[in-house]
Amino acid sequence: MLVGAIDCGGTKVLAALVDEKGTVFSPQCASIPTRDKARYFVDSVALLRASCLEHGVAFDSLDRVGISIPGMTDGGDRVLGSPSAGWGEFSVTPLLRPLFPEPAVQLFLENDVNACALAEQRFAAGGDDFIWLTVSTGIGGAVVSGGRLLRGATFCAGEIGHMKVEFDNPAPCGCGGRGCLEAHASGTAIGRASVVAGMGSDAAACAEEAKRGNPLALEIWQRAGRYIGRALAAVSCVVNPRSIYLGGGVARSFALLVPGIKETFTRDVLPQCAEVEIQPTRLGYNASLLGAASLCFPMGSA
Ligand SMILES: [Zn+2]
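Attention in this report is confined to the structure presented alongside it. What you see is a predicted model; the values in this text were computed from it and never measured.

Basis of the calculations
- Residues numbered from 1 in each chain as written.
- Predicted model: local features only at pLDDT ≥ 70, side-chain atom pairs only at ≥ 80, totals over all residues.
- Helix = DSSP H or I, 4+ residues; strand = E, 2+ residues; numbered from the N terminus.
- Rg over C-alpha atoms; globule rule 2.2 N^0.38 Å.
- Buried ≥ 20, exposed ≤ 12 C-beta atoms within 10 Å, placed from the backbone.
- Contact = placed C-beta atoms within 7 Å.
- Pairing = 2+ DSSP bridges.
- Right-handed = clockwise from strand over helix to strand, strands pointing away.
- Axes fitted to C-alpha atoms, helices over the stretch in contact; angles between N-to-C directions.
- Expected span 1.5 Å × (residues − 1).
- Bend = angle between axes of the 7 residues up to and from the residue.
- Parallel < 35°, antiparallel > 145°, perpendicular 65-115°, else oblique.
- Left-handed = near helix turned anticlockwise from the far one by under 90°.
- Nonpolar A, V, L, I, M, F, W, Y, C, P; charged D, E, K, R; others polar.

Let us now look at the overall build of the protein. Looking only at helices and strands, one finds 9 helices and 13 strands in the protein. The C-alpha atoms of the protein give 19 Å as radius of gyration, which agrees with the globular expectation for 302 residues (19 Å, within 12%). Across the 302 residues of the protein, 46% fall into the buried class. A separation of at least 24 residues holds for 62% of the contacts in the protein among residues at least 6 apart in sequence.

Here we take up the sheet that holds strand E9 (residues 130-135). Strand order across the open sheet formed by 5 strands is E11-E10-E9-E12-E13, with mixed pairing between neighbours. One side of each edge strand has no neighbouring strand; the edge strands of this open sheet are strand E11 (148-149) and strand E13 (277-280). Taken together, the 5 bridges between E9 and strand E12 (residues 243-247) define a ladder with parallel strand orientation. In the sheet register, Ile131 faces E12, and the bridge partner there is Ile244.

Side-chain positions along a regular strand alternate between the two faces of the sheet. Bridge count for E12 against E13 is 4 bridges, and the pairing is parallel. Bridge assignment links Leu246 to a residue of E13, and that residue is Pro280. Remark: the E12/helix H8 (residues 254-268)/E13 crossover connection has right-handed handedness.

Glancing now at the sheet that holds strand E1 (residues 3-8). Taken in spatial order, the 5 strands make up an open sheet running E3-E2-E1-E4-E8, and their pairing is mixed. Two strands bound the open sheet, and with one partner strand each, they are strand E3 (24-31) and strand E8 (106-111). Pairwise comparison of adjacent strand axes, ignoring direction, gives a mean angle of 15° for this sheet. Lying on the sheet, helix H1 (residues 37-55) is in contact with E1, strand E2 (12-18) and E3; it crosses E2 at an angle near 35°. Contacts from helix H9 (residues 287-294) reach E1, E2, E3, strand E4 (64-69) and E8 within the one sheet, and its direction differs from that of E1 by about 135°.

A word on H8. In this model, H8 (15 residues) spans 20 Å end to end at C-alpha, consistent with the 21 Å of a helix rising 1.5 Å per residue. At Ile261, H8 shows its largest kink, close to 25°. Turning to H8, its buried residues are Leu256, Leu257, Val258, Gly260, Ile261 and Phe265. At its buried positions, H8 is contacted by helix H6 (203-211), helix H7 (215-239) and E13.

For E4, the buried fraction is high: 5 of the 6 residues fall into the buried class. The sheet contact formed by E1 and E4 spans 4 bridges and is parallel. Residue pairing in the sheet places Asp7 in a bridge with Ser68 of E4.

Right, let's get into helix H3 (residues 112-123). Think of an α-helix as turning once every 3.6 residues; residues three or four places apart then point the same way. Its 12 residues place the ends of H3 16 Å apart at the C-alpha level, agreeing with the 16 Å of an ideal helix rising 1.5 Å per residue. With 12 of 12 residues buried, H3 is to be regarded as a mostly interior element. Once H3 finishes, Ala125 follows within two positions and takes phi at roughly 50°, a positive value.

Even without a glycine there, the phi angle at Phe155 is positive, about 65°. One can find Phe155 in the loop between E11 and helix H4 (181-185). With 16 C-beta atoms counted inside 10 Å, the residue Phe155 sits in the partly exposed group. With a phi angle near 50°, Asn240 is a residue other than glycine that sits in the positive phi range. Within the secondary structure layout, Asn240 lies in the loop between H7 and E12. Overall, Asn240 belongs to the partly exposed group, with 15 C-beta atoms counted inside 10 Å.

Along the chain, Pro98 turns up in the loop between helix H2 (93-96) and E8. Taking the C-alpha atoms as reference points, Pro98 and Val42, separated by 56 residues in sequence, lie 9.5 Å from one another.

Below, the discussion takes up the packing of H6 against H7. Running from N to C, H6 and H7 point in directions that differ by 120°, and their axes come no closer than 7 Å. The orientation of H6 with respect to H7, classified from their angle, is oblique. The hand of the H6/H7 crossing is left-handed. Across the interface between the two elements, Cys206, Glu209 and Ala210 of H6 pack against Ala217, Leu218, Ile220 and Trp221 of H7. Residue composition of the contact of H6 with H7, by class: 6 nonpolar, no polar and 1 charged.

Below, the structure is given as structure tokens:
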């Protein structure tokens, strides 16, 4: 069975058809401005139409479409806010429903990091107890415990990026707080440290320098890793995971982060919770797209 998947990013949108094994067919990608929400969803669904056309599948024959959103959602059809897209709270049904044929295609919506975690569980045998951490421009987290995604009382569970990890020199964070993990270990934070050290403008340039053995660049990555390890140790004491998966653009430099992560994680975690495998996601670049697809194939379904 093929489902439609749309990964709605803050800057680019990916759409594709995906089968129950997580194979991606006819992926389409485009930069779509988020300012006009109605236009954004029209253009995003047009990408899915293009995917159907390329794959020789009638768009009208799709039964299920999953959509991942770069912001908080309520587990239903409401987006609660997306700083990266510049969106406040709104319902997607009035925007999306008219773009699909009647009788109703089933639409599924989820926060992108939650969706990544569900995809790790569904398509990559991620297990029933794990933490998913996206390290990208910002930092997002999700927790699966006892096989279920933790949502929390106001749907904000797993916001690991806003745990406080620096108290002596706390940097300001996009959330309005100071000293958040995101403010000290995201791609933005690594890029900023790289500029201060005179090594280029972003995390990718800093990664290149580190891979060449530049000790300043290596220290920037290890420091980011130490902050991440500190936060993961604290969450691990609460949810006692078996695995931790890292995804996102910055996590592609996993080898540069891991010495720092292991240093503080091992130091800070309760010994009884220390047996955790920390590894890069097995989903690769399409994690969030597969996350959107996984919403259409709930665990336990074929
Ligand atoms: Zn924050």
